[in-house]
Amino acid sequence: VQDLTGLTEGTLYTAHLEVTDNAGNSETANRTFKVDRAVPRATITPAATTHGFTDSSVYYRETAFSLSGICDDATLSTGRKATSVVLSRSKDGAAATKIASTVVADGVPFGTDVISAQTWNFAQTVDVAGHGDDGLYVYTLVVTDDAGRSTTATATVRIDTSAPTTIVTSPTAGEAVGVATYTLQ
């Protein structure tokens, strides 16, 4: 058993093992390893829009917006990038779909300007005219470190581009109202 507490987080080390039996035969083995005791960090925040607001941890957005946050393995030492960063999205309870990833095999890259200084950014377009994107979305960010540990962050966003429907049933059109106050229905 080797105590690794004095070793620097994120540094590459080589362990050397030499074993000799009673007959004098010896064997040597080297193993390279990296110390990674910290869990990665993951945060996700939808940017504000003109009429957007937050209510009970649901972000309401009416137009295109961006999501951003932290995606690193720098809990114990600064400047450490995560091994992988994956952003997924589900709409109205459907299965999640990867929309951006640092994993090449996923086929949905973040882009060259997105992962920098262990932060990320994703631009979410919204179909304002056709209202096709209206719904409740859950965005999930999974950040994985060299040791295979993952941290997950989520944000729930309701996209609502449709104006409310207003119908007045009382008073009827042209009705005379003979009181000082009246409740519209």
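Before any of the text, the structure's been laid out above.
The structure displayed is predicted, hence computed values, not measured ones. Residue numbering note: each chain is counted from 1, following its sequence as written. In view of the model being predicted, local features appear only for residues whose pLDDT reaches at least 70, and side-chain atom pairs are presented and counted only at 80 or more, with totals across whole chains, interfaces and linings using the full set of residues. Here the side-chain values reflect all heavy atoms present in the structure, with hydrogen atoms and water set aside.

Student: Help me understand the overall build of the protein in this model?
Tutor: Secondary structure is summarised from DSSP: a helix means a run of H or I of at least four residues, a strand means a run of E of at least two, and numbering begins at the N terminus for each. Along the protein, the regular secondary structure elements total zero helices and 12 strands. For the protein, the sequential pattern of α-helices and β-strands runs β-β-β-β-β-β-β-β-β-β-β-β. Only C-alpha atoms enter the radius of gyration, while the globule expectation follows 2.2 Å times N to the 0.38, with N the number of residues. At 27 Å, the protein has a C-alpha radius of gyration far larger than the 16 Å of a compact globule built from 185 residues. By the burial criterion, 29% of the 185 residues in the protein qualify as buried. Here, two residues are considered to be in contact whenever any of their heavy atoms come within 4.5 Å of each other. In the protein, once contacts between residues fewer than 6 apart in sequence are set aside, the share between residues at least 24 apart is 54%. Per element, the accessible surface of the protein, about 11600 Å² overall, is 53% carbon and sulfur. Summary of the burial criterion: residues with accessible area below 20% of their type's maximum are buried, those above 50% are exposed, and those between are partly exposed, where the area comes from a 1.4 Å probe applied to protein chains only. For accessible areas, the Shrake-Rupley method is used with a probe of radius 1.4 Å. Any residue's cover is judged against the shown protein chains and nothing else.

Student: Hey, could you run me through the packing of aromatic side chains in this one?
Tutor: The way to describe two aromatic rings as a pair is by their centre distance and the angle between their planes. Two rings from Phe, Tyr or Trp (for Trp, the six-membered ring) form a pair when their centres sit within 6.5 Å of each other. Planes less than 30 degrees apart are called stacked, planes more than 60 degrees apart edge-to-face, and all others tilted. Going through the model one piece at a time under the given rule, you end up with four aromatic pairs. Measuring from ring centre to ring centre gives 6.1 Å for Tyr137 and Tyr139, while their planes differ by 20 degrees; the resulting arrangement is stacked. For the residue pair Tyr137 and Tyr139, the accessibility class agrees, reading buried in each case. Taken together, the aromatic side chains of Phe65, Tyr137 and Tyr139 make up a single cluster linked through ring pairs.

Student: Looking at this structure, how should I read a nonpolar patch on the surface?
Tutor: Among the surface-exposed residues, Val168, Val177, Val179, Tyr182 and Leu184 lie close enough to one another that they form a single nonpolar patch of about 460 Å² accessible area. Tracing the chain through its elements places Val168 in the segment after strand S12 (150-159). Here, patches come from residues exposed beyond 30% relative accessible area and free of salt bridges, joined within 9 Å for like charges and within 5 Å for nonpolar side chains (Val, Leu, Ile, Met, Phe, Trp, Tyr). Whenever a carboxyl oxygen of Asp or Glu lies within 4 Å of a side-chain nitrogen of Lys or Arg, that contact is scored as a salt bridge.

Honestly, it's all geometry; don't read function into it.
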